[in-house]
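Remarks on the overall topology
Each chain, written out:
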Amino acid sequence: MRHSDSLDELVRRTAHALSAKRRGAVVVGAIRGDDSAVHGADPATLFEIGSVSKTFTSLALATLVTQEQVSLQAPLYKLLPHGAAVPGRSGEPIRLQHLACHTSGLPKLPRGLMPRGLFSKDPYAGCTTPFLLDGLPRTRLRSTPGTRFHYSNLGAGLLGLALAHHTGQDYDTLIRTEVTDPLKLVDTAVALTPEQTSRLATGHNALGRRTPRWRLADLAGAGGIHSTVPDLLLLARAHLTPPADDSTTAPLAEAVRLTRGTAHPLPGGPSKAHPGWISFPLGSDGPQALFHNGGTGGYRSLLAVAPERQAAVVILSAQARSVDRAGLSLLTRLLRTVEA
């Protein structure tokens, strides 16, 4: 790598390389200090961001905690509709922090979704509140809540559903009120306006064939949000504030500190699960990175932030092929350029 490479050139080359190898729109964005760059398709293009939605769901939780409307330790059943039965294990209930950090013990998918969903082009469309709550008491936990990491779309979706019900809003309104309005994200939502729909990239499966959009119904907190690269760069910038800096008045700074300071260690290494994020060191002695990726039937997404180095990368692609390697490689090159 040439250390003289500018941020703009690094982003441009990444976007060009990805676009040359896949069908559908690709947009790449990055931040380094006060600078930013976006290349690829029109930056106003919208994409399904899949599981990057979990970052929004957990940040909404954190904002409600800082407002003292809920507690991380609140049992899930207290925020769900009256009479909802929630499984526990070894006398421990599922708490909101467990859902945000994937330590609830819940399986990845709702009970009753498989095998029907396996062959559907819109597998989560039937995940309504009645469907989810009907299957929940018959769901067996894989571990005692709070003890082990098991990635769960069901858990993240239930977190979004519970927060929305508790605050008397739908999930879309919850995210707008607690996250997107404070951060001035103008194109981030579950339900799109006709004008936004006109800017939504057509999704393609891994083989390059056009594929229908996904609807996640009341599991939207797990992966139902649409967004753009400029909006996600604003979200990333909100996470560049050092967690120990209590003097900042940046929007949602207190909530961001809470997500950074709440963690569950992952087995086999230094990685940790935070509300909405996985953290890990970039290299054997590199800085910590916060990471989440996402995927739906026709899209892939990546959001990676290195707060200590004031750098971040966003990639959105309208084809269901991973962009993880390209995104983390770009972030690593940005950090090497800073060191140079």
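Bear in mind the structure is a predicted one, so any value in this text is a computation, not a measurement.

A few words now on unusual backbone geometry. What you tend to see is this: most non-glycine residues have negative phi, and most peptide bonds are trans. The residue K184 is not glycine, and still its phi comes out positive at about 60°. Structurally, the position occupied by K184 is in the loop between helix 6 (171–183) and helix 7 (194–198).

Within the structure shown, the criterion is met by 7 salt bridges. With a shortest N-O distance of 2.7 Å, R199 and E195 are connected by a salt bridge. Through salt bridges with shared partners, one network takes in E9, R12 and R13.

All right, on to the environment of Q169 then. Along the chain, the position of Q169 falls in the loop between helix 5 (153–167) and helix 6. Once residues within four sequence positions are removed from consideration, Q169 is found in contact with A164, L174 and T177. In terms of polar contacts, Q169 uses its side chain to reach the side chain of T177, at 3.2 Å.

Turning our eyes to something else, we now look at the pairing of strand 9 (residues 300–306). Looking along a regular strand, one sees side chains alternate from face to face of the sheet. Buried residues dominate strand 9, accounting for 6 of its 7 residues. By the bridge criterion, 6 bridges tie strand 8 (residues 288–295) to strand 9 in an arrangement that is antiparallel. Opposite G294, over in strand 9, you have S301 as the bridge partner. Linking strand 8 to strand 9, which pair antiparallel, is a turn of 4 residues. With 7 bridges connecting them, strand 9 and strand 10 (residues 311–317) associate as antiparallel partners. Bridge pairing in strand 10 links V305 to A312. Between strand 9 and strand 10, which pair antiparallel one after the other, the connecting turn spans 4 residues, and Q310 there sits at a positive phi close to 55°.

A word on the sheet that holds strand 6 (residues 272–274). In spatial order, the strands read 2-1-10-9-8-7-6-5; together these 8 strands make up an open sheet with antiparallel pairing. For this open sheet the edge positions go to strand 2 (35–40) and strand 5 (264–265), each flanked by a neighbour on one side alone. Packed on one face of the sheet, helix 9 (residues 229–238) meets strand 1 (26–32), strand 2, strand 9 and strand 10 and runs near 25° to strand 1.

What follows covers helix 9. Along helix 9, 7 of the 10 residues are buried, which leaves the element largely enclosed by surrounding structure. Of the residues that open helix 9, the one with a side-chain oxygen 3.2 Å from the backbone nitrogen of D231 is T228.

How each quantity is defined
Residues numbered from 1 in each chain as written. Predicted model: local features only at pLDDT ≥ 70, side-chain atom pairs only at ≥ 80, totals over all residues. Heavy atoms only, no water. Helix = DSSP H or I, 4+ residues; strand = E, 2+ residues; numbered from the N terminus. Salt bridge = Lys/Arg side-chain N within 4 Å of Asp/Glu carboxyl O. Contact = heavy atoms within 4.5 Å. Polar contact = N/O pair within 3.5 Å; in protein donor to acceptor, adjacent residues only side chain to side chain. Buried < 20%, exposed > 50% of the residue type's maximum accessible area, 1.4 Å probe, protein only. Pairing = 2+ DSSP bridges. Axes fitted to C-alpha atoms, helices over the stretch in contact; angles between N-to-C directions.

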